[in-house]
Amino acid sequence: MNILVAGATGKTGLHLVQELVDQGHKPTALVRESSDTSALPQGVDLRKGDLTNLQDGVCDGMDAVIFAAGSGGSTGPEMTDKVDRDGAKRLIDLAADAGVKRFVMLSSVGADQSDPTGEMAHYLKAKHEADEHLKASGMTYFILRPVALNNDGRSVRVTLGDEVDISAQASRADVAHVLAEAAMSGSLDGMVHLMQSAGRSLQHV
């Protein structure tokens, strides 16, 4: 499969593109001119594109698109809107126009709320709007809403769905694995799932 990954050079994105390469698929990283691509694995193609100003054609030739990007915790509300809301929505529209078969969205716990409160409210509202836009796009989709992320390795298992403890954590490696599986297999098509990691890390087994 030809799979476009937005956010490929991020902490989760690097795990994701490696997973796709290991599974024999052809990931293409959507990168800005200023992106540091040195950590990307061999076998990853590059396609130039800035989520704050996406041009037509960035999704052409793709079977699936995975949105694993984020404006980052150090940016303000304006950049959150440009990347996490508007950039995601624009990429969804371009994917639909290009006939992409499946769109996989990395969202967040709490993004199910249309009017969230608390210090993460602006971010969660942006993610909520992007998720709703994807649902209404007509494309086959999967939305993953992990709990707080950490940098642990792959776990013995992950938990998806209503049994997730929202105070738990999810490793970026596990998140990447679920995103890749959703894009490749279609086993999670049409679903929106919370996610947490569970059990000891595989790297310690």
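See above for the structure.
What you see is a predicted model, and the numbers here were worked out from it, not measured in a lab.

(A) The arrangement of the overall build of the protein chain in detail. Along its length, the protein chain carries four helices and 10 strands. In the protein chain, the order of α-helices and β-strands from amino to carboxyl end is β-α-β-β-β-α-β-α-β-β-β-β-α-β. Since a compact globule built from 205 residues should have a radius of gyration of about 17 Å, the 16 Å found for the protein chain is in line with a globular shape. Across its three principal axes, the protein chain shows a C-alpha extent of roughly 40 × 40 × 30 Å. Scored against the burial criterion, the 205 residues of the protein chain give a buried share of 48%. Approximately 9700 Å² of the protein chain is accessible, and the part contributed by carbon and sulfur atoms is 44%. A gap of 2 Å separates the mean positions of the 19 positive and 28 negative side-chain charges of the protein chain.

(B) Expanded view of the pattern of salt bridges. In the structure shown here, the tally under the stated rule is 11 salt bridges. The salt bridge partner of E78 is K82, with a shortest N-O separation of 3.5 Å. Remark: K82 and E78 occur in helix α2 (residues 77-97); sequence separation between them is four residues, near one turn of the helix. The shortest N-O distance in the salt bridge between D174 and R154 comes to 3.3 Å. One end of the pair, D174, is in helix α4 (residues 172-185); the other, R154, is in the loop between β7 (148-150) and β8 (155-160), and 20 residues separate them in sequence. A relative accessible area of 1% means that D174 is categorised as buried. Each of D81, R85 and D86 takes part in salt bridges that share partners, so that together they form one network.

(C) Structural detail: the packing of α2 against helix α3 (residues 121-135). Taken N-terminus to C-terminus, the directions of α2 and α3 make an angle of 5°; their axes are 9 Å apart at the nearest point. One finds that α2 runs roughly parallel with respect to α3. When α2 is examined against α3, the residues P77, T80, D81, D84, R85, A88, K89, I92 and D93 are found in contact with a partner set consisting of H122, Y123, A126, K127, E129, A130, H133 and L134. A breakdown of the residues in the contact of α2 with α3 according to their chemical character gives seven nonpolar, three polar and seven charged.

(D) Region of interest: α3. When the terminal C-alpha atoms of α3 are compared, their 21 Å separation across 15 residues agrees well with the 21 Å that a helix rising 1.5 Å per residue should span. The secondary structure elements touched by the buried residues of α3 are β4 (64-67), α2, β5 (102-106) and β6 (140-146).

(E) Examining the nonpolar core more closely. I3, L16, L20, I66 and L179 are the most contacted members of the largest nonpolar core, which totals 30 residues. Breaking this core down by element, the ones donating at least two residues are β1 (2-6), α1 (11-22), β2 (26-31), β4, β5, β6 and α4. Beyond its immediate sequence surroundings of up to four residues, L179 is in contact with L16, I66, A68, V104, M105, L106 and L144.

(F) Region of the structure containing the side chain of S71. Its place among the elements puts S71 in the loop between β4 and α2. Of note is the side chain of S71, whose polar atom sits 2.7 Å from the side chain of D84. Those residues in contact with S71 that lie beyond four places of it in its chain are M79, T80, V83 and D84.

(G) Here's a closer look at the pairing of β6. With six of its seven residues buried, β6 lies for the most part within the structure. Bridge count for β5 against β6 is five bridges, and the pairing is parallel. Directly across from M105, in β6, lies its bridge partner I143. Crossover connection from β5 via α3 to parallel β6: handedness right-handed.

(H) Spatial organisation of the environment of K26. Here K26 lies in strand β2. Counting along the chain gives 51 residues from K26 to P77, while the straight-line C-alpha distance between them is 34 Å. In contact with K26, other than residues within four places in its own chain, are M1, N2, I3, G43 and D45.

Procedures and definitions
- Residues numbered from 1 in each chain as written.
- Predicted model: local features only at pLDDT ≥ 70, side-chain atom pairs only at ≥ 80, totals over all residues.
- Heavy atoms only, no water.
- Helix = DSSP H or I, 4+ residues; strand = E, 2+ residues; numbered from the N terminus.
- Rg over C-alpha atoms; globule rule 2.2 N^0.38 Å.
- Buried < 20%, exposed > 50% of the residue type's maximum accessible area, 1.4 Å probe, protein only.
- Areas by Shrake-Rupley, 256 points an atom, 1.4 Å probe, with all protein chains shown as cover.
- Lys, Arg positive; Asp, Glu negative; His and termini not counted.
- Charge placed at Lys NZ, Arg CZ, Asp CG, Glu CD.
- Salt bridge = Lys/Arg side-chain N within 4 Å of Asp/Glu carboxyl O.
- Axes fitted to C-alpha atoms, helices over the stretch in contact; angles between N-to-C directions.
- Parallel < 35°, antiparallel > 145°, perpendicular 65-115°, else oblique.
- Contact = heavy atoms within 4.5 Å.
- Nonpolar A, V, L, I, M, F, W, Y, C, P; charged D, E, K, R; others polar.
- Expected span 1.5 Å × (residues − 1).
- Core = buried A, V, L, I, M, F, W, Y, C linked by side-chain atoms within 4.5 Å.
- Polar contact = N/O pair within 3.5 Å; in protein donor to acceptor, adjacent residues only side chain to side chain.
- Pairing = 2+ DSSP bridges.
- Right-handed = clockwise from strand over helix to strand, strands pointing away.

In short, shape yes, function no, at least from these values alone.
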